[in-house]
Amino acid sequence: MPEDYSNIYKIARRAAGFTQESAAERLEISVDSVRAYETHQRTPPNEIVERMVVCFHAPQLAYQHLHETTGLVSRIIPQLEQRNILEVAIRIYNRMRNFSQDSCLERLMAIAEDGRIDDTERPEFDEIIAELRSIIQSGLELEIFCSPEPAAKKERPEAATSRRSVQGLASENDCKSILAQPGRNASPNLTRKEVSFP
């Protein structure tokens, strides 16, 4: 029988660098149980998956497990896709900007004013919910697929230990300010202004 590379529990274990034996020891279960989970002979209970998530530093495993074992989850949690952090950040920005520009919040408040959603308001309400679900989807993708592992986090160097200058943008390591130059603005609203980040 060919080895199964699609098993979510095996993928998470291998990505964390554990053998079946070392994973079994860390999870406080038998090696036979690990093998059974990884060959689809048995589905691990939620409490074992929770241990796997912590042990393997794999938050995506919780989502994948629930999606594969609980049909109700897909009705509540949107289908997530693994994306890199830049892609997710851009998607969040675009969706939130569209939500604001389309006056979705104001439209929702108008619908909610009388405390009920009537038949004429239902299509517009459903559109607003779809917009919100897309924002939630991107937020979950950021949390589940882009959060660094605790061991992978790097300490920031001390302030002013190095300086960078990239195409007219001056910044220090602590990233407290960015000076925008004309003609190179990320947004038409930025013209020779200093933008401060908390």
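The structure presented is a predicted model; accordingly, all values stated were derived computationally and were not measured.

Student: Is there a simple way to explain the pattern of salt bridges in this structure?
Tutor: Oppositely charged side chains are able to pair whenever their charged atoms sit close together. Across all of its chains, the model carries eight salt bridges by this definition. The salt bridge partner of aspartate 32 is arginine 35, with a shortest N-O separation of 3.4 Å. With aspartate 32 and arginine 35 both in helix H3 (residues 31-38) and three residues apart, this pair spans about one turn of that helix. Accessibility expressed as a relative area gives 56% for aspartate 32, which makes it exposed. Among the charged side chains, a salt-bridge network with shared partners connects Glu21, Asp32 and Arg35.

Student: Help me understand a nonpolar patch on the surface, please; the structure alone is not making it clear to me.
Tutor: A cluster of nonpolar side chains, namely Ile85, Leu86, Ile90 and Leu142, defines an oily patch on the protein surface of about 370 Å² accessible area. Per-element accounting of the nonpolar patch gives the leading share, three residues, to helix H7 (residues 85-101). Among the structural elements, isoleucine 90 can be located in helix H7. Relative accessible area serves as the criterion here: at 42%, isoleucine 90 is assigned to the partly exposed category.

Student: In this structure, what is going on with the environment of isoleucine 11? I would like to understand it.
Tutor: Within the secondary structure layout, isoleucine 11 lies in helix H1 (residues 8-15). Look at isoleucine 11 and you get partly exposed, because its relative accessible area is 44%. Expressed as a C-alpha distance, the spacing of isoleucine 11 and glutamate 38, which sit 27 residues apart in the sequence, is 8.9 Å.

Parameters and conventions
Starting from 1, residues in each chain are numbered consecutively following that chain's sequence as written. Since the coordinates come from a predicted model, pLDDT governs what is reported: local features require at least 70, and pairs of side-chain atoms require 80 or more to be given and counted, while whole-chain, interface and lining totals use all residues. As a convention, hydrogens and water are excluded, and side-chain values are obtained from all of the structure's heavy atoms. The rule for a salt bridge is simple: a side-chain nitrogen of Lys or Arg has to be within 4 Å of a carboxyl oxygen of Asp or Glu. We count a stretch as a helix when DSSP gives it H or I for four or more residues in a row; a strand needs E for two or more, and each element gets its number in order from the N terminus. Exposure is judged per residue with a 1.4 Å probe applied to protein chains only, and the accessible area is read against the type maximum: over 50% gives exposed, under 20% gives buried, and values in between give partly exposed. For patch building, the residue pool is restricted to those with more than 30% relative accessible area and no salt bridge; the joining distance is 9 Å between like charges and 5 Å between nonpolar side chains (Val, Leu, Ile, Met, Phe, Trp, Tyr). The accessible surface values rely on the Shrake-Rupley method and a 1.4 Å probe; as for residues, cover is taken only from the protein chains in view.

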